[in-house]
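Each chain, written out:
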Amino acid sequence: MYLNSIGHYVPSARVDNAYFLNVNGLTDEWIVKRTGIHTRCKAGEGEDQNSMALAAVEDALSRLTDYDIKDVDLIVAASYSAYDTVATVAHETQRHYDIDGAKALYLSSACSSWVNGLEVIEGYFAMGKASKALLICSEHNTLYANEHDPKSGHLWGDAAVAAFFSKERLSPDDIQVKQIYTCGLGNIGAGPDGVKLRPRDEGIMMPDGRDVFMNACKYLVVALNTALAPEGLTIADLDYIICHQANLRIMRNVAKAEHIEPERFLSNIEELGNTGSASAPLVFSQELARFKPGDRIGITVFGGGYSCGAVLFERYPPPI
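Notes on the structure in this doc start here. Note on numbering: residues in each chain are counted from 1, in written sequence order. This being a predicted model, a pLDDT of at least 70 is required before a residue's local features are given, and a value of 80 or more before pairs of side-chain atoms are given or counted; all residues contribute to the totals for chains, interfaces and linings. Only heavy atoms go into the side-chain values, all of them from the structure, while hydrogens and water stay out.

**Section: the overall build of the protein**
Definition in use: Helix and strand definitions follow DSSP, with helices as H or I runs of at least four residues and strands as E runs of at least two, each counted in order from the N terminus. Here the globule rule is a power law, 2.2 Å times the number of residues to the power 0.38, and the radius of gyration is based on C-alpha atoms. Each residue's exposure class comes from its accessible area (1.4 Å probe, protein chains only) as a fraction of the maximum for that residue type: buried when under 20%, exposed when over 50%, partly exposed otherwise. Residue contacts are defined here by distance: any two heavy atoms, one from each residue, within 4.5 Å place the two residues in contact. Note on areas: Shrake-Rupley with a 1.4 Å probe; residue coverage comes only from the protein chains shown. Note on charges: Lys and Arg go in the positive column, Asp and Glu in the negative column, and His and the chain ends are not counted at all. Throughout, a charge is located at the NZ atom of Lys, the CZ atom of Arg, the CG atom of Asp or the CD atom of Glu.
In terms of helices and strands, the protein carries ten helices and 14 strands. Compactness check: the protein gives a C-alpha radius of gyration of 18 Å against a globular reference of 20 Å for 320 residues, within 12% of the reference. Its C-alpha atoms put the protein at 55 × 45 × 35 Å along the principal axes. Going through the 320 residues of the protein one by one, you find that 57% of them count as buried. Within the protein, contacts between residues at least 6 apart in sequence are counted, and of these 77% link residues at least 24 apart. Of the roughly 13300 Å² that the protein leaves accessible, carbon and sulfur atoms contribute 49%. Positive and negative charge centroids in the protein, built from 28 and 41 side chains respectively, lie 5 Å apart.

**A look at the packing of aromatic side chains**
Aromatic ring pairs are described here by two measures, namely the spacing of the ring centres and the angle between the planes. Where we set the bar: Two rings from Phe, Tyr or Trp (for Trp, the six-membered ring) form a pair when their centres sit within 6.5 Å of each other. Planes less than 30 degrees apart are called stacked, planes more than 60 degrees apart edge-to-face, and all others tilted.
Applying the stated rule across the entire model yields six aromatic pairs. Ring geometry for Tyr19 against Phe20: centres 5.1 Å apart, planes inclined by 85°, an arrangement best described as edge-to-face. We classify Tyr19 as partly exposed; its relative accessible area is 38%. Judged by centre distance (5.0 Å) and plane angle (55°), the rings of Phe302 and Tyr306 are tilted. For the pair Phe302 and Tyr306, one class covers both residues: buried. These aromatic residues form a ring-pair network of at least three members: Tyr240, Phe284, Phe291 and Phe313.

**Looking at the pattern of salt bridges**
Applicable threshold: Any carboxyl oxygen of Asp or Glu within 4 Å of a side-chain nitrogen of Lys or Arg constitutes a salt bridge here.
Using the criterion set out here, one finds nine salt bridges in the structure. Between Glu261 and Arg264 there is a salt bridge, with its nearest N and O atoms 2.7 Å apart. Exposure remark for Glu261: the relative accessible area of 41% places this residue in the partly exposed category.

**Side note on the environment of Val301**
Note on placement: Val301 falls in strand 13 (residues 296-303). Overall, the relative accessible area of 4% leaves Val301 in the buried class. The sequence separation of Val301 and Thr182 amounts to 119 residues, and the corresponding C-alpha distance is 9.2 Å.

**Section: helix 4 (residues 89-97)**
Under the convention used in this document: Relevant arc is that of directions from the helix axis to the C-beta atoms, nothing else.
Among all positions in helix 4, only Val89, Ala90, Thr93, Gln94 and Tyr97 are buried. Within helix 4, the buried residues cover an arc of 135° as seen down the axis, which keeps them to one side. Packed against the buried residues of helix 4 are helix 3 (49-61), strand 4 (74-78), strand 5 (103-107) and strand 6 (132-140).

Here's what the structure looks like:
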């Protein structure tokens, strides 16, 4: 399974920490110390989950050279901040590009949704029911965020990522998806009560941030090690590690626990905040030019609910 192209969209607006002092009483110093966030991106007027998704698809299309978007036979939308739970991002994309005959579906597993979507694509490829797929992850967190909530109102950002995958290698520039691992963790810790999004009630809430923090630190490592094990690799063998961008302290804890140089951990949370399940692939897309032939890149995520997942990518040298 191969990544053919990836693109992203990040709204231009930034909300700095000073904004929250009069909203929920949190100072810039307090927010930075506990989260690492200085600013977060926010969708503008007229922007929504669908518009961000289509902008990300356009960005990915600009680098897709080996086939037309109409050749895609599977469209997977993966996120949790749905604009419409009936007419989903997948179906809106299918209509926008007139992708005839493609399967279109939406799935959600909190902040691990993107990795779960990738595993669904792997399954369709393995069953021979698809050969080219489009995975879209668009999060409009600020639509649902309660800014007055001092526990999590200051965390959220908006962004979208889109990626094209093929069952077979089509280009020397394709990046191989070596391993995918996902696991539901709803039976541990605070589980489904750790993070909630109930649109009719109170928006995105994180009642038990400490439990989320502790389990994220643990299962980001567990997920990545599990994905690496079939390849005979450890986290130390990776050239770059990308964690779900929930909290800079979580990433630093993982680096310290695994004795990995912090420089190998790529992040964007300082500027963009927590962009949900789009966050880790967004970092991957933003840093794509950094990855050299032979590099191994690990993505590892933890989602409220709870769930975890990890992916191992390898950038192959061009064929001789």
